[in-house]
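Below, each chain spelled out in residue letters.
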Amino acid sequence: MPALPNDHHAPHFHVRSVDGYVNDPNGPVHYRGVFHLYFQQVFDTPRTGPVHWGHATSSDLVTWTLHRPALTPSSGTPDEGGCWSGNTVPADDRLYAFYSAFDPANPFQPVRRAESADGFEFTGSVPMVGPPDASESPVQFRDPFVWWHHGRWCMIVGAGLAGDDADGGALGQARLYESSDLTRWSYVGPFASRRRTGEGTDHDTGMMWECPQYAALGEWGVLLVGAWDSHQGITHVLAISGRDQADRLADPGPAVRADQGPNFYAPSVMRDPSGRVLVWGWVTEGRETVASVEADWSGMLTLPRVLTVTGAGEPRWHPPAELAALRDGAVGCVEGPLEDGSSVDVVDVVDVPAQFELDLALTASGTDRDATRVRLVTSGADGAGEPEHLDLLVDWRAGTVAVDRDLASRDPRSHRGTFTIADAVAAAGDEDAEETGAQGRASVRFRLLVDGSVGELFAADQTLTFRFYPQSPPPWTLRVTPGAGGPVDGRVTVWRLRRSVR
């Protein structure tokens, strides 16, 4: 980014402001022929000022232009503490922004609406929806999402209700309101709820749901929520699928993680002109706050990802085809069988830049074999001579792809951990085996896009978003070790990716 020319951790093709603090994406929309993407922005990293809505536009989902904030707090009004999360909808040749007005002393953030004629500046903020009745024991209330649903406007707002000895844990909830004119709203009831029990197939659903987002996909609906806890704060994003109905998400399934990594939160949804459901998330920091303040920037937005469902309503995630336009030439490729005991550098000369894509497709003769390792190695070494490195591991036996960042940085302020995508290794089906003679073979395919200190991994219709901060700047090497158990065949390509945010 322009304000960070010498910081090799800084992104070049992920949207963020030139400095300061960035978090939730808000209200992505295609309006008057242009994609508009808004996001939470504070002008300093210690976050001493109120939240604004930052703004970027694109014609192709790849090249983005930053603009001045589109929505700003107003002194002496309920939003003077900040214009927090929400979304936008076009109607009556206007673009309407619905958002939470932040008051740090109030856990119930009122919903307000502002409007714009062009998508570049919102004005005329007015109140829409107040907090729920105290008799329902609410503990939090914030983050509206408005959409056209079954013949009228609908709004869900994230909430949490306190538990008791009889009912068990706290209740995460998306509360449903309806309107015919985007102005007068009436409460319908819970659109979806989930008791926090910590049992069964659900992931931890938190004590309340932040940033609820909804997408109807045929007969199915997918609700995305951020699980929030009063002690841990933000945790992870959950996807809950069910039957799409006018007043609720019917027959909801288990709450599954929308992203398998540690640095994805607060998704924001839009439907593009072709009907695809696109989702952006907040890429959180993977280092201690003091390191972000020292760098004078924090957070960014993910690349867009496409949300679909299977015939059974299970959510699936895909990189949009437009991302191929980021490629600025292949810098290396390894193709053909990789033998036991070998380690192959994908690039002959050490010139893997800080912005690159790794496209990998491998096939092995069965799964009874050691893991295949793809290692990103920095050019510098620590006192013991061991360079920083990030590992991607294909565990053929477990059927997983994992990211191990334990040794990716010598900076003790950088977070560690190994994160896994399950069911990433596929076996040839019976019909394919008969036709190709590939019976007993296994394959894996993934794409990893790296932008300075962020990696987005796409594998098996899942995503994994993570941060890593090697102290040594690029160039890096990329080394593939197939592991014992026979040769691994396939193709590994590294692409240079271009700067696309200005």
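What counts as what
- Residues numbered from 1 in each chain as written.
- Predicted model: local features only at pLDDT ≥ 70, side-chain atom pairs only at ≥ 80, totals over all residues.
- Heavy atoms only, no water.
- Helix = DSSP H or I, 4+ residues; strand = E, 2+ residues; numbered from the N terminus.
- Rg over C-alpha atoms; globule rule 2.2 N^0.38 Å.
- Buried < 20%, exposed > 50% of the residue type's maximum accessible area, 1.4 Å probe, protein only.
- Contact = heavy atoms within 4.5 Å.
- Areas by Shrake-Rupley, 256 points an atom, 1.4 Å probe, with all protein chains shown as cover.
- Lys, Arg positive; Asp, Glu negative; His and termini not counted.
- Charge placed at Lys NZ, Arg CZ, Asp CG, Glu CD.
- Phe/Tyr/Trp six-rings, centres within 6.5 Å; stacked < 30°, edge-to-face > 60°.
- Lys NZ or Arg CZ within 6 Å of the ring centre and 35° of its normal.
- Pairing = 2+ DSSP bridges.
- Core = buried A, V, L, I, M, F, W, Y, C linked by side-chain atoms within 4.5 Å.
- Salt bridge = Lys/Arg side-chain N within 4 Å of Asp/Glu carboxyl O.
- Axes fitted to C-alpha atoms, helices over the stretch in contact; angles between N-to-C directions.

Colleague: Hey, could you run me through the overall build of the protein in this one?
Modeller: Counting its secondary structure elements, the protein contains 2 helices and 36 strands. Computed over its C-alpha atoms, the radius of gyration of the protein comes to 23 Å, within 12% of the 23 Å expected for a compact globule of 502 residues. For the protein, the C-alpha atoms occupy an extent of roughly 70 × 50 × 45 Å along the three principal directions. Looking at the protein residue by residue over its 502 residues, the buried ones come to 56%. Once local pairs closer than 6 in sequence are excluded, the contacts in the protein between residues at least 24 apart make up 58%. Taken as a whole, the protein presents about 19,200 Å² of accessible surface, with 49% of it coming from carbon and sulfur. The distance from the centre of the 41 positive side-chain charges to the centre of the 67 negative ones in the protein is 3 Å.

Colleague: What is the right way to look at the packing of aromatic side chains in this model?
Modeller: Throughout the structure, instances matching the rule amount to 18 aromatic pairs. Ring geometry for Tyr-21 against Trp-282: centres 6.4 Å apart, planes inclined by 65°, an arrangement best described as edge-to-face. Here Trp-282 lies in strand 19 (residues 277-283) and Tyr-21 lies in strand 1 (residues 20-31), a separation of 261 residues in the sequence. Ring centres 5.6 Å apart and planes at 75° place the aromatic pair Tyr-38 and Phe-122 in the edge-to-face group. With Tyr-38 in strand 2 (residues 34-42) and Phe-122 in the loop between strand 7 (111-116) and strand 8 (123-129), this pair connects stretches of sequence that are 84 residues apart. In this pair, the class of Tyr-38 matches that of Phe-122, namely buried. Each residue in the set Tyr-38, Trp-53, Tyr-99 and Phe-122 is aromatic and connected to the rest through ring pairs, giving one cluster. The positively charged end of Arg-287 is found above the aromatic ring belonging to Trp-297, 5.2 Å away from the centroid.

Colleague: When you look at the pairing of strand 10 (residues 152-161) in this model, what are you seeing that I'm missing?
Modeller: Within a regular strand, the side chains alternate between the two sheet faces. With 10 of 10 residues buried, strand 10 lies mostly within the body of the structure. Pairing analysis gives 9 bridges linking strand 10 to strand 11 (residues 171-179), with the strands arranged antiparallel. In the sheet register, Val-157 faces strand 11, and the bridge partner there is Arg-175.

Colleague: Looking at this model, I keep getting lost on the nonpolar core. Mind explaining?
Modeller: Across soluble globular proteins, nonpolar side chains have a tendency to be buried as a group. Counting residues in each nonpolar core, the largest one holds 40 residues, and the members touching the most others are Leu-358, Trp-396, Phe-446 and Leu-457. Those residues in contact with Leu-457 that sit more than four places away from it in its chain are Leu-392, Val-401, Val-403, Ile-421, Phe-446, Arg-447, Leu-448, Gln-462, Thr-463 and Leu-464. One finds Leu-224, Trp-228, Val-237 and Val-279 within the second-largest nonpolar core, a separate group that totals 24 residues.

Colleague: Would you explain the sheet that holds strand 4 (residues 65-71) in this entry?
Modeller: Taken together, 5 strands build an open sheet; the order of strands is 4-3-2-1-20 and the sheet is mixed. One side of each edge strand has no neighbouring strand; the edge strands of this open sheet are strand 4 and strand 20 (297-298). Of the pairings in the sheet, the one linking strand 3 (residues 52-58) to strand 4 comprises 4 bridges and is antiparallel in character. Bridge pairing links Thr-57 to Thr-65 in strand 4.

Colleague: Teacher, can you tell me more about the pattern of salt bridges here?
Modeller: Between side chains of opposite charge, pairing is possible as soon as their charged atoms come close. Evaluated as defined, the whole model comprises 30 salt bridges. Note that Asp-93 is salt-bridged to Arg-32, the shortest N-O span being 3.1 Å. Of the two residues, Asp-93 sits in the loop between strand 5 (83-91) and strand 6 (94-101) while Arg-32 sits in the loop between strand 1 and strand 2, which places them 61 residues apart along the sequence. With respect to class, Asp-93 is no different from Arg-32; both count as exposed. We note a salt bridge from Glu-357 to Arg-447, for which the minimum N-O separation is 2.7 Å. Remark: Arg-447 occurs in strand 32 (residues 442-451) and Glu-357 occurs in strand 26 (residues 355-364); sequence separation between them is 90 residues. Arg-447 shares its class with Glu-357; the two are buried. Here the salt bridges share partners, and the residues they tie into one network are Arg-327, Glu-357, Asp-359, Arg-445 and Arg-447.

Colleague: Looking at this model, I keep getting lost on the sheet that holds strand 5. Mind explaining?
Modeller: Across a sheet, strands are paired by hydrogen bonds formed along the backbone, either parallel or antiparallel in direction. Strand order in the open sheet formed by 4 strands is 5-6-7-8, with antiparallel pairing between adjacent strands. For this open sheet the edge positions go to strand 5 and strand 8, each flanked by a neighbour on one side alone. Across this sheet, the average inter-strand angle for adjacent strands is 25°, counted without regard to direction.

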